[in-house]
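Architecture at a glance
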Amino acid sequence: MWKIKDLEVNSKVVLAPMAGITFASYRKFMSEFGFGVCVTEMVSDMGLIYDNKETNEYIKFDKGNYLTGVQLFGHDPECLKKAALICLQKNDHIDFFDINMGCPVPKVTDSGAGSSLMKNPKLCGDIIRAIKSVTDKPVTAKIRLGWNNESINYLEVIKELENAGVDMIAIHSRTRKELYSGTPHHDLLKDLRKSMTVPLVISGNIYTLDDAINALKITKADAVMVARGGMGNPNLLRQINQYFEDGTRLEDSSLKEQIEYCYKLGKMIVEEKGEFTGMRVYRTIAPKFFAGFANTKKYRNRLVTELETLESLKMILNDIAEENGIEFLFKNSKL
Ligand SMILES: Cc1cc2nc3c(=O)[nH]c(=O)nc-3n(C[C@H](O)[C@H](O)[C@H](O)COP(=O)(O)O)c2cc1C
């Protein structure tokens, strides 16, 4: 068990924030596989301040049996403070706030937000202080190693954040310049947690149970953050939880289970977003359920190009089942 301020967490898995992916129904679906903490997609402070309709959707969610943090992005402590207050007025179920200090996308960094903040460690601390001045809820931060190889300054940023009263830090062990590719540098963060006063969550290429074990062993972090590795492989969460509970290594899911999971998530997304938008959003997620399975390539392509309705999802999943000799799943089924 570990804690974010006074909130207890009983899992070594944190579900990462991913823009365009970790919307409410995705988080709810993944919660059935077990995580202690999740974070919304990043939410623009100015979008909230200007009462933007789309932005407001990001902060709508119900209470789950896990903690949900709203991740804000911006660069001005006063605006971020205002945005946090707006969130608190609009949703009673927010457990904590997380500040995005790692996003590498130019649209975000050009305005001084995301990973640009790491160029100014003092500002990182000021942002945490500003939000803490208006709420007792925990305030956490997600950072990277630094801007590029020549400016690796995560230790300085961590110190500033800790001095400002941050309640947890997640670190994606790549620089801004490295974006999302290449091997993350967990090795640089050897025993990092031992020198910190607040919980540490480690992020970067957590695709397998062994990735999680290694990242935790090196850094002594309290938890791993599952991001791309959990997309289409929700069972990874179960594998990590079970291993850290009693040392058992659970099997990977079967193709039949993957088909069922893929349909279930599709249905949940349609319930949240409607069929038109839901199925378009799902085109980037659904094919991932079949990565690594033989005889599924042409179906993965179809999931990208043909997904229009729940019925079309069912048809493609049926074709995968039939080609692979899996008992027919959807005919007469209540799935
Ligand atoms: C599509 C996508 C969207 C992301 N959006 C966010 C975001 O909104 N906020 C954030 O802090 N990190 C975001 N991330 C970064 C992830 O949370 C994570 O730190 C990163 O992907 C590294 O983990 P991985 O290598 O296991 O995927 C995003 C990553 C991806 C792939």
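Now for a quick tour of the structure. (Residues numbered from 1 in each chain as written. Predicted model: local features only at pLDDT ≥ 70, side-chain atom pairs only at ≥ 80, totals over all residues. Heavy atoms only, no water.)

A short note on the overall build of the chain
Helix and strand counts for the chain come out as 13 helices and 10 strands. For 335 residues, the compact-globule estimate of 2.2 N^0.38 gives 20 Å, and the chain sits close to it at 20 Å. Considering only C-alpha atoms, the chain reaches an extent of 60 × 45 × 35 Å along its principal axes. At a minimum sequence separation of 6, the contacts of the chain that also span at least 24 residues come to 67%. Split by element, the accessible area of the chain, about 14900 Å² in all, is 49% carbon and sulfur. Separation of charge centres in the chain, based on 45 positive and 44 negative side chains, amounts to 2 Å. (Helix = DSSP H or I, 4+ residues; strand = E, 2+ residues; numbered from the N terminus. Rg over C-alpha atoms; globule rule 2.2 N^0.38 Å. Contact = heavy atoms within 4.5 Å. Areas by Shrake-Rupley, 256 points an atom, 1.4 Å probe, with all protein chains shown as cover. Lys, Arg positive; Asp, Glu negative; His and termini not counted. Charge placed at Lys NZ, Arg CZ, Asp CG, Glu CD.)

Here we look at the pattern of salt bridges
Applying the stated criterion to the full structure yields 19 salt bridges. Residue Asp 95 pairs with Lys 63 through a salt bridge whose shortest N-O separation is 3.0 Å. Of this pair, Asp 95 sits in the loop between helix H4 (77–90) and strand S6 (96–101) while Lys 63 sits in the loop between helix H3 (53–58) and strand S5 (67–73); the two residues are 32 residues apart in sequence, bridging distant segments of the chain. Asp 95 gets classed as buried once you look at its relative accessible area, which sits at 13%. (Salt bridge = Lys/Arg side-chain N within 4 Å of Asp/Glu carboxyl O. Buried < 20%, exposed > 50% of the residue type's maximum accessible area, 1.4 Å probe, protein only.)

Description of the nonpolar core
Of all hydrophobic cores here, the largest spans 92 residues; its most connected members are Leu 72 and Tyr 282. Setting aside residues no more than four positions away along its own chain, Leu 72 makes contact with Val 43, Leu 48, Leu 80, Ala 83, Ala 84, Cys 87, Phe 97, Asp 98, Ile 99 and Asn 100. Val 14, Ala 16, Val 37 and Val 201 belong to the second largest nonpolar core, which has 14 residues in total. (Core = buried A, V, L, I, M, F, W, Y, C linked by side-chain atoms within 4.5 Å.)

Remarks on the sheet that holds strand S7 (residues 139–144)
Spatial strand order, S3-S4-S5-S6-S7-S8-S9-S10: eight strands in a closed barrel with parallel pairing. Strand-to-strand twist of the sheet, defined as the mean angle between neighbouring strand axes without regard to direction, takes the value 25°. Its contacts with the sheet put helix H7 (residues 154–163) on S6, S7 and strand S8 (169–172), and the angle it makes with S7 is roughly 170°. (Pairing = 2+ DSSP bridges. Axes fitted to C-alpha atoms, helices over the stretch in contact; angles between N-to-C directions.)

A word on the pairing of strand S10 (residues 223–226)
Across a regular strand the side chains alternate sides, sitting on one face of the sheet and then on the other. Side-chain alternation along S10 places Ala 223 and Met 225 on one buried face and Val 224 and Val 226 on a second face that is also buried. Judged from the three bridges that link them, strand S3 (residues 13–15) and S10 form a sheet pairing that is parallel. Considered in S10, the bridge of Val 13 is made with Val 224. The handedness of the strand S9 (residues 200–203) to S10 crossover, carried by helix H8 (residues 209–219), is right-handed. (Right-handed = clockwise from strand over helix to strand, strands pointing away.)

Some words on unusual backbone geometry
A positive phi is found at Asn 205, a non-glycine position, where the angle reads about 50°. Here Asn 205 shows up in the loop between S9 and H8. Backbone geometry at Lys 220 places phi at a positive 60°, although glycine is not the residue there. Inspection of the secondary structure assignment puts Lys 220 in the loop between H8 and S10. Judged by relative accessible area, which is 36%, Lys 220 ranks as partly exposed.

Some points on the side chain of Thr 140
One can find Thr 140 in strand S7. Leave out the neighbours within four places in its chain, and Thr 140 touches Ile 4, Phe 96, Phe 97, Asp 98, Ile 99, Ile 128, Val 166, Asp 167 and Met 168.

As for H7
Among all positions in H7, only Tyr 154, Val 157, Ile 158, Leu 161 and Glu 162 are buried. All buried residues of H7 project into a common sector of 135° when viewed along the axis, lining one side. Residues of H7 that are buried make contact with S6, helix H6 (121–132), S7 and S8. Just downstream of H7, Gly 165 is the residue with a positive phi angle, here 95°. (Arc of directions from axis to C-beta.)

A word on the packing of H4 against H6
The contact between H4 and H6 brings their axes to 8 Å, and the two run at 35°. Here the hand of the crossing between H4 and H6 comes out right-handed. Residue-level contacts link Pro 77, Leu 80, Lys 81 and Ala 84 of H4 to Leu 123, Asp 126, Ile 127, Ala 130 and Ile 131 of H6. (Left-handed = near helix turned anticlockwise from the far one by under 90°.)

Let's talk about the packing of aromatic side chains
Considering all chains together, one arrives at six aromatic pairs under this definition. A ring pair is formed by Phe 33 and Tyr 261, whose centres lie 5.0 Å apart and whose planes are at 85°; its orientation type is edge-to-face. Taken together, the residues span a long stretch of sequence, with Phe 33 in the loop between helix H1 (24–31) and strand S4 (37–44) and Tyr 261 in helix H10 (residues 255–273) at a distance of 228 residues. Looking at Phe 33, the relative accessible area reads 5%, which means it is buried. Here Tyr 261 falls in the buried class, since its relative accessible area comes to 13%. Relative to Tyr 66, the ring of Phe 35 has its centre 4.9 Å away and its plane inclined at 65°; by these criteria the two rings are edge-to-face. Pair noted here: Phe 35 is in the loop between H1 and S4 and Tyr 66 is in the loop between H3 and S5, with a separation of 31 residues, a long-range link. Judged on exposure class, the residue Phe 35 and its partner Tyr 66 are both buried. What links up through ring pairs into an aromatic cluster is the set Phe 29, Phe 33, Tyr 261 and Phe 289. (Phe/Tyr/Trp six-rings, centres within 6.5 Å; stacked < 30°, edge-to-face > 60°.)

Remember, this is a structural readout, not a statement about activity or role.
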